[in-house]
Amino acid sequence: MVVPWCPRTAAAVLTVLTVLALLTVSGCGGSGLPRPAGTSPSASVPDPGAGDSVEEDIDAAVSITTTYWSTHWSEFFTGAYRPPRVLGAYDGAAAGGPSCGGTPLPDDNAVYCPGGDYVAWDMDLMRAGHRRGDAWVYLVIAHEWGHAVQNRLDAGLVDLARELQADCLAGAVLFGAARDRTLTFEDGDTDELADALSALADATPWTNTSDHGDASQRVSAFSRGAESGVRGCLPDAVR
Ligand SMILES: [Zn+2]
C-alpha cells in the first residue's frame with residue numbers, strides 16, 4: 001500500500017473489492033495466536049511499495065486512518081471526532097513495558113487500551129507481519145482504531161461481536177481511504193489482507209464478545225466494511 005495516491009481508475013477499486021469478497025480462505029488456518037511465521041505466497045507478487053520500512057508504513061497507516069475518521073465522522077456519528085493517543089511501538093517481551101489497567105501489554109499483539117485511550121503494538125508483531133506483506137500494518141492499526149471508535153459510541157451502536165465489528169470498521173477505513181484517494185491498493189494487497197485476517201483468526205467461530213472469529217468470519221466482516229462502509233458495520237437495528 002502506498003501513500004499518497006497515484007491515480008487509478010474506480011474500476012480498479014471495484015475489482016479489488018470483488019476479489020476480497022470472493023476470496024476463499026486457505027493456508028494459514030487460524031491458530032488463534034498472532035504469531036506469523038514464514039512468508040505468504042503473495043509475498044512474491046511485485047509490490048511497488050515493498051521498499052517502505054515497517055516504520056514508514058506504520059506512520060502512513062496512522063495518518064490515513066485518523067484522516068479517514070476526522071473527514072467522515074460527522075457523516076455517521078454526533079459530536080466531534082477525537083483521535084485516540086498513539087502510544088505506538090512496545091516490546092511485550094521486555095520487563096517494565098507499558099501496561100493497561102495494571103496489566104502489561106501483551107507480547108506479540110496489538111491493543112487499544114480504553115483506560116488510557118491509546119493504541120499500541122508490539123513491534124515484533126508488526127515486523128513479522130510486514131515481512132508477509134505491508135498491508136498487515138494497515139489492517140492492525142485500522143482494527144485497533146476501530147476499538148477506539150467503539151469506545152466513543154453509544155452502547156447500542158457497538159456490536160456484540162466487537163472484534164468482527166473492528167474488522168468491519170478496518171475494511172470501511174482502508175477502502176474508504178482508497179475512495180478518498182489517500183491510499184492506493186497495489187497488486188497483492190487484497191491477498192495480504194486476507195492472509196493477515198486469517199493468520200490472526202481464532203480456530204473456532206465467534207461465540208462470545210472476546211472472540212475474534214474464525215478466518216472466514218474475519219474476512220467476511222472486513223469485506224462487509226469494504227463494500228458497505230461504516231454504516232454497514234453498525235448493528236442491524238440501527239443501520
Ligand atoms: Zn481487536
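See above for the structure.
Residue numbers run consecutively from 1 along every chain, following the written order of its sequence. In keeping with the predicted nature of the model, local features appear solely for residues at pLDDT of at least 70, side-chain atom pairs appear and are counted solely at 80 or more, and the whole-chain, interface and lining totals rest on all residues. The side-chain figures draw on all heavy atoms in the structure; neither hydrogens nor water molecules are used.

Novice: A description of the overall build of the protein chain should follow, citing residues and the corresponding values.
Specialist: We count a stretch as a helix when DSSP gives it H or I for four or more residues in a row; a strand needs E for two or more, and each element gets its number in order from the N terminus. Along its length, the protein chain carries 7 helices and 5 strands. Mapped from its N terminus to its C terminus, the protein chain presents α and β elements in the order α-α-β-β-β-β-β-α-α-α-α-α. Across the 239 residues of the protein chain, 52% fall into the buried class. Counted over contacts in the protein chain with a minimum sequence separation of 6, partners at least 24 positions apart contribute 72%. By element, 54% of the accessible surface of the protein chain is carried by carbon and sulfur atoms, the whole surface being about 10500 Å². Summary of the burial criterion: residues with accessible area below 20% of their type's maximum are buried, those above 50% are exposed, and those between are partly exposed, where the area comes from a 1.4 Å probe applied to protein chains only. We call two residues contacting when some pair of their heavy atoms lies within 4.5 Å. To be clear on the numbers: accessible area is Shrake-Rupley with a 1.4 Å probe, and residue cover counts the displayed protein chains and nothing else.

Novice: Can you break down the sheet that holds strand E1 (residues 85–90) residue by residue, with the values?
Specialist: The strands that make up a sheet are held in pairs by hydrogen bonds between backbone atoms, and each pair lies either parallel or antiparallel. Spatial ordering of the open sheet is given by E1-E5-E4, a layout of 3 strands whose pairing is mixed. Edge strands, defined here as strands with exactly one partner in the open sheet, are E1 and strand E4 (110–113). Mean inter-strand twist for the sheet, computed between neighbouring axes without regard to direction, equals 15 degrees. Think of it this way: DSSP has to see at least two bridges between two strands before they count as a pair. Two strands pair when backbone bridges link them, and E1 and strand E5 (residues 118–122) are joined in this way by 5 bridges, in the parallel orientation. Pairing of Ala-89 across the sheet is with Trp-121, part of E5. An axis is simply a line fitted to the C-alpha atoms; with a helix, the fit covers only the stretch in contact. Between two such axes, the angle follows the N-to-C directions and lies from 0 to 180 degrees. Of the strands in this sheet, E1, E4 and E5 touch helix H4 (residues 135–152), which is tilted by about 20 degrees from E4.

Novice: Could you give an account of helix H5 (residues 162–180), naming the residues involved and the relevant values?
Specialist: The length a helix should cover is 1.5 Å for every residue beyond the first. The terminal C-alpha atoms of H5, which comprises 19 residues, lie 26 Å apart, in line with the 27 Å expected from a rise of 1.5 Å per residue. Summarising burial for H5: 16 of the 19 residues are buried, a large majority. Just past H5, the residue Arg-181 takes up positive phi, approximately 65 degrees.

Novice: Give me the lowdown on the packing of aromatic side chains, citing residues and values where you can.
Specialist: Each Phe, Tyr or Trp ring (for Trp, its six-membered ring) is paired with any other whose centre lies within 6.5 Å, and the angle between the two planes then decides the class: stacked below 30 degrees, edge-to-face above 60, tilted in between. A full pass over the atoms with the stated rule returns 8 aromatic pairs. On the numbers, 4.5 Å between centres and 40 degrees between planes, the contact of Phe-175 with Phe-185 is tilted. Separated by 10 residues along the polypeptide, Phe-175 in helix H5 and Phe-185 in the loop between H5 and helix H6 (189–199) bring together distant segments of the chain. Pair check on accessibility: Phe-175 and Phe-185 agree, each one buried.

Novice: Could you give me a rundown of the coordination of the zinc ion, with the residues and numbers involved?
Specialist: Taken together, His-143 (NE2), His-147 (NE2) and Glu-163 (OE) make up the full set of protein donors to the zinc ion, lying 1.9 to 2.1 Å away. Counting gaps between the donor residues of the zinc ion yields the pattern H-x3-H-x15-E. Remark: Glu-163 occurs in helix H5 and His-147 occurs in helix H4; sequence separation between them is 16 residues. On the basis of relative accessibility, which here comes to 10%, the residue His-147 falls in the buried class. Among the residues examined, Glu-163 registers a relative accessible area of 13% and is labelled buried. Metal donors: N, O and S atoms at distances within 2.8 Å, or within 3.2 Å for Na, K and Ca, with water omitted from the atom set so that some sites may seem incomplete.

Novice: So what's going on with the packing of helix H2 (residues 54–76) against H4? Which residues, and what values?
Specialist: Following both chains from N to C, one finds H2 and H4 inclined at 35 degrees, their axes separated by 9 Å at the closest point. By crossing handedness, the relation of H2 to H4 is classed as right-handed. For the pair H2 and H4, the contacting residues are Val-54, Asp-57, Ile-58, Ala-60, Ala-61, Val-62, Thr-65, Thr-66, Trp-69 and Trp-73 in the first and Val-137, Tyr-138, Ile-141, Ala-142, Trp-145, Val-149 and Arg-152 in the second. Put simply, a crossing is left-handed when the front helix is turned counterclockwise from the back one by less than a right angle, and right-handed when it is turned clockwise.

Novice: Just give me the short version of the nonpolar core, but keep the residues and values in it.
Specialist: Among buried residues, those of type Ala, Val, Leu, Ile, Met, Phe, Trp, Tyr and Cys that are joined through side-chain atoms within 4.5 Å constitute a nonpolar core. Core analysis: the largest hydrophobic core is formed by 56 residues, its most contacted members being Trp-69, Phe-77, Trp-121, Met-126, Trp-136, Leu-174 and Leu-193. For this core, the secondary structure elements donating two or more residues are H2, E4, E5, helix H3 (123–132), H4, H5, H6 and helix H7 (215–228). Broken down by element, the residue count for this core peaks at 11 residues, all from H4. Of all hydrophobic cores here, the second largest spans 6 residues; its members include Tyr-90, Val-111, Cys-113 and Tyr-118.

Novice: Residues and numbers for unusual backbone geometry, please.
Specialist: The backbone phi angle of Asp-108 is positive, close to 50 degrees, even though this residue is not glycine. With respect to the secondary-structure elements, Asp-108 resides in the loop between strand E3 (103–104) and E4. At Asp-117, a residue that is not glycine, the phi angle is positive and equals roughly 50 degrees. With a relative accessible area of 18%, Asp-117 lands in the buried category.

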